[in-house]
Amino acid sequence: MFSCFGKHVISSSKFLYRCISHFRHPHPGDKVIVAMSGGVDSSVSAYLLKRQGYVVEGAYMRNWDTTDESGVCTSDQDWKDVQTVCKQLDIPCRQFDFIKEYWLQVFTRMIEDYENGITPNPDVMCNREIKFGWFLDKCLGSINSKDKENTWIATGHYVQLERTDSGRVKLIRGVDVTKDQSYFLSTVAEENLQRVVFPVGNLHKKQVKSIAREANLETANKKESMGICFVGKKRKFSEFLEQYVALKPGDIKTLDGTIIGQHRGLFSYTIGQCARIHYGSDRWFVLRKDIKNNSLIVVPGSANPLLFSSKLVAKDWIWSWSEPPKGIEGGNDIYFDEIKSKYNNNIRVLGINLLTQLRYQQPPELCKITKRFDGKYKVEFSTPKRAITPGQNVVVWDGNWCLGSGIIEQPLIN
């Protein structure tokens, strides 16, 4: 472990609740507004808080207009389930409409990214912008400072918070490593977690389901929702995107420029996936997208060495404590290569060792991360990683403490 952060700088976000008269932990008797999705995790969160003596209120976020998608989204049923559970618990509930905010700050950005040939993570954006942004502001923004100190927000995420005596908050992995969701909350700033509690973060999923059954909650046996709500269960994501991204057919090429097929649009593909073309005896996989020439570059074989890289560059980092860890500053790769060569490699290039994941539920692995002169960060892995995908999040932890994440710009050639 190391001493991670320097002097804390308060950001200018409108969703900040760090500046209260004094810090204290939540305790029974406080009001807690639970963000309820209609699933078992948030239902049990509300149940546990009520049983622990908190004044609990349920809240449902409507982020998508189901009338536009012919009812493929389950939001109507989810809202009914929230109302039923709240009635069972004898707590009030209300619905918040964030359709406009979600469209502008999550969905539109996602479409723009696909149009630019990269693969974004809308779940990460939704947590930052909606659940721990607009929802937080809606619940706490109009409350006076005295009542705000007695009011908290809760969600059913499998994460934990560690509150220090000085009032700082650390985002910690959930106890259930198979359900830990700190990856998806990695861009939520510390300030936006100050008034939040995570009741199921110290439980395993099987314990949560057991509690729900024992309490006879309506959602106890409800199937877990998978994927993005607005896409629906019966459609491929690429088919959904075709409604919003203009089709631009182009060539599918090998590395030597040989044209071996046609694509309907680069947005339909992601790095490392099978290109679904027939050419020779090999199966072909996406290596990269040539945006300038609207071409898809492919290589033969899913284990092709060209699909693997042990380094990447990431930009647009968001650090939980606003500043990057100490000792992370490095420099331009070419510059340092020259210096190391001059001094026979007897020079230490700064950087720190952290744990990282490039995908949700991927086993965490050790990496070295270094800040470059251009403000971007180089991330180096001990073993090569397959299909490093521009637009996805690279998330870093100090042990179980989630420090933040950046957006993958590109893998680097080994």
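Heads up: the structure comes first, above all this text.
An account of the accompanying structure is given in this report. Not measured: the values here are computed from a predicted model. (Residues numbered from 1 in each chain as written. Predicted model: local features only at pLDDT ≥ 70, side-chain atom pairs only at ≥ 80, totals over all residues. Heavy atoms only, no water.)

1. So, the pattern of salt bridges
Opposite charge on two side chains lets them pair, provided their charged atoms get close.
Right, so step 1: Overall, the coordinates contain 18 salt bridges when judged by the stated rule.
Right, so step 2: Notably, a salt bridge pairs Arg94 with Glu57, separated by 2.4 Å at the nearest N-O pair. Taken together, the positions of Arg94 in strand β3 (residues 93–97) and Glu57 in strand β2 (residues 55–62) put the pair 37 residues apart, joining distant regions of the chain.
Right, so step 3: Assessed through its relative accessible area of 32%, Arg94 is described here as partly exposed.
Right, so step 4: What emerges from the salt-bridge pattern is a single network uniting Asp41, Lys179, Lys205 and Glu224. (Salt bridge = Lys/Arg side-chain N within 4 Å of Asp/Glu carboxyl O. Helix = DSSP H or I, 4+ residues; strand = E, 2+ residues; numbered from the N terminus. Buried < 20%, exposed > 50% of the residue type's maximum accessible area, 1.4 Å probe, protein only.)

2. Side note on the sheet that holds strand β4 (residues 151–154)
Right, so step 1: Strand order in the open sheet formed by 5 strands is β3-β2-β1-β4-β7, and the pairing between neighbours is parallel. At either end of the open sheet lies a strand with only one pairing partner, and these are β3 and β7 (196–197).
Right, so step 2: Here β2 runs beside β3; their pairing, made up of 5 bridges, is parallel. Counted as the bridge partner of Gly58 is Cys93 from β3. (Pairing = 2+ DSSP bridges.)

3. Things to note about the packing of aromatic side chains
Right, so step 1: Applying the stated criterion to the full structure yields 19 aromatic pairs.
Right, so step 2: Centroid distance Phe96 to Phe135: 5.5 Å. Interplanar angle 85°. Geometry classified as edge-to-face. Of the two residues, Phe96 sits in strand β3 while Phe135 sits in helix α4 (residues 122–140), which places them 39 residues apart along the sequence. As far as burial versus exposure is concerned, Phe96 and Phe135 are alike and both buried.
Right, so step 3: Between Phe240 and Tyr244, the ring centres sit 5.2 Å apart and the planes meet at 50°, which makes this aromatic pair tilted. (Phe/Tyr/Trp six-rings, centres within 6.5 Å; stacked < 30°, edge-to-face > 60°.)

4. Re the sheet that holds strand β11 (residues 295–300)
Right, so step 1: Taken in spatial order, the 4 strands make up an open sheet running β9-β8-β11-β10, and their pairing is mixed. The sheet is open, and its two borders are formed by β9 (259–263) and β10 (284–290), each paired with just one other strand. Shown here is a sheet whose adjacent strand axes are inclined to one another by a mean of 30°, direction ignored.
Right, so step 2: Pairing between β10 and β11: 6 bridges, direction antiparallel. Its bridge partner lying in β11, Phe285 is registered against Val299. (Axes fitted to C-alpha atoms, helices over the stretch in contact; angles between N-to-C directions.)

5. Quick word on the nonpolar core
Right, so step 1: With 40 residues, the main nonpolar core has Phe135, Ile153 and Leu185 as its most contacted residues.
Right, so step 2: No other element matches the 9 residues that α4 contributes to this core.
Right, so step 3: Residues contacting Ile153, with those up to four places away along its chain left out, are Val32, Ile33, Phe135, Leu136, Cys139, Leu140, Arg195, Val196 and Val197.
Right, so step 4: Val32, Val34, Trp79 and Ala220 belong to the second-largest nonpolar core, a separate cluster that totals 28 residues. (Core = buried A, V, L, I, M, F, W, Y, C linked by side-chain atoms within 4.5 Å. Contact = heavy atoms within 4.5 Å.)

6. Here we look at unusual backbone geometry
Right, so step 1: The phi angle at Asn294 is positive, at roughly 55°, despite the residue not being glycine.
Right, so step 2: Locating Asn294 in the fold gives a position in the loop between β10 and β11.
Right, so step 3: Not every positive phi belongs to a glycine, and Asp316 is a case in point at roughly 50°.
Right, so step 4: Its place among the elements puts Asp316 in strand β12 (residues 308–319).

7. Overview of the pairing of strand β13 (residues 352–357)
Right, so step 1: Sheet analysis places β13 next to strand β14 (residues 365–371), joined by 5 bridges and oriented antiparallel. Each bridged residue has a counterpart across the sheet, and for Leu354 the counterpart in β14 is Cys367.
Right, so step 2: Judged from the 3 bridges that link them, β13 and strand β16 (residues 393–398) form a sheet pairing that is antiparallel. Note that in β16 the partner of Thr356 across the bridge is Val396.

8. Section: helix α1 (residues 40–51)
Right, so step 1: With 12 residues, α1 extends 16 Å between its outermost C-alpha atoms, agreeing within 8% with the 16 Å of an ideal straight helix rising 1.5 Å per residue.
Right, so step 2: Counting buried residues along α1, 9 of its 12 residues qualify, which places the element largely inside the surrounding structure.
Right, so step 3: Buried within α1 are the following residues: Val40, Asp41, Ser42, Ser43, Val44, Ser45, Ala46, Leu48 and Leu49.
Right, so step 4: For α1, the secondary structure elements touched by its buried residues are β1 (31–35), β2, α2 (75–89), β4 and α6 (205–214).
Right, so step 5: Among the residues trailing α1, Gly53 stands out with phi positive, at a value near 100°. (Expected span 1.5 Å × (residues − 1).)

9. Focus: α2
Right, so step 1: End to end, α2 covers 21 Å across 15 residues, agreeing with the expected 21 Å (1.5 Å per residue, within 8%).
Right, so step 2: Restricting attention to buried positions, one finds in α2 the residues Ser75, Asp78, Trp79, Asp81, Val82, Val85, Cys86 and Leu89. Along the axis of α2, the buried positions cluster into a sector of 160°, meaning they face one direction only. Turned more than 90 degrees off the buried face of α2, the exposed positions are Lys80 and Lys87.
Right, so step 3: Against α1, β2 and β3 lie the buried residues of α2.
Right, so step 4: Residue Asp90 follows α2 closely and has a positive phi angle near 60°. (Arc of directions from axis to C-beta.)

10. Brief notes about the environment of Tyr158
Right, so step 1: Its location among the elements puts Tyr158 in the loop between β4 and β5 (159–163).
Right, so step 2: Placed 23 residues apart in sequence, Tyr158 and Gln181 show a C-alpha to C-alpha distance of 5.4 Å.
Right, so step 3: With near-sequence residues (within four places) excluded, Tyr158 lies in contact with Asp41, Gly174, Lys179, Asp180, Gln181, Val200, Gly201, Leu203, His204, Lys205 and Val208.

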